[in-house]
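Structure at a glance
Spelled out from the first residue to the last, the chains are:
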Amino acid sequence: MKSSKLTVERLKWIGIIVVLITFHFSLLTSCKVSYTFNGASIDYTKVKTIQIADFPIRSNYVWGPMSSIFNNQLKDQYANHTKLQQVKRNGDLKLEGEITRYEQRNKSVSAEGSSAQVELSLTVNVRFTNNTKHSDDFEQSFTASQSYDSKLSLNAVQEELVTQMVKDITDQIFNATVAKW
């Protein structure tokens, strides 16, 4: 008789603990802010869409494929690392801008006095609008650069270097807009 009373008492306490744990867990999972391993912090209850305009090239020096490489990588960055739906207009978040600078310059000189390394740089101007929280809006330029041996032609290394710079810049834009790093 005593053991059945003890078992009933234990079951009551176990039931209470299970209810409390379930309640606590439901509070934690109902949190509005979603954190992901890539650093994005987005309140998906307020922000559901993003509008990403194509960024035209406005620099003096142009390499044709650069615009499509940049635009595709920027859209992929948000598609792969957020749950935001990309829309053509009226996005909760809006990204627009232009590629403003693409240039190369001598970075170092050899002992003979000729160029030893060349630096290639890319700058993108971004206008970010958060239609759910306008205090986050900004306009900012992002720059990346890569160096290469001057014995190589730009044509031989251009695609690889532009791809690396675009990756760097789209990471910077992502961090400034939704990761807040």
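Residues numbered from 1 in each chain as written. Predicted model: local features only at pLDDT ≥ 70, side-chain atom pairs only at ≥ 80, totals over all residues. Heavy atoms only, no water.

**Looking at the side chain of Thr49**
Formally: Secondary structure elements follow DSSP: runs of H or I no shorter than four residues count as helices, runs of E no shorter than two count as strands, and numbering proceeds from the N terminus. N or O atoms within 3.5 Å of each other form a polar contact, as long as, within protein, one can give a hydrogen and the other can take it, and as long as residues adjacent in sequence are counted only when both atoms are side-chain atoms. Here, residues are in contact when the closest pair of their heavy atoms is within 4.5 Å.
Within the element layout of this structure, Thr49 appears in strand S3 (residues 49-52). A polar contact is formed between the side chain of Thr49 and the backbone nitrogen of Asp92, at a distance of 2.8 Å. Setting aside anything within four residues of it in sequence, one finds Thr49 in contact with Leu84, Gln85, Val87, Asn90, Gly91, Asp92 and Leu93.

**Looking at unusual backbone geometry**
Positive phi is not limited to glycine here, since Asn90 has a value of about 60 degrees. Position of Asn90 relative to the elements: it lies in the loop between strand S4 (85-87) and strand S5 (93-109).

**Digging into helix H2 (residues 66-81)**
Rule in force here: Here a helix's expected span is defined as the number of its residues, less one, multiplied by 1.5 Å. Classification of residues uses two cut-offs on accessible area relative to the type maximum, computed with a 1.4 Å probe and protein chains only: under 20% is buried, over 50% is exposed, and between them is partly exposed. By definition, the arc is the one covered by directions from the helix axis to the C-beta atoms.
In this model H2 runs 22 Å from its N-terminal to its C-terminal C-alpha over 16 residues, within 8% of the 22 Å that 1.5 Å per residue would give. Of all the positions in H2, only Met66, Ser67, Phe70, Asn71, Leu74, Gln77 and Tyr78 are classed as buried. Mapping the buried residues of H2 onto a view down its axis gives an arc of 130 degrees, with all of them on the same face.

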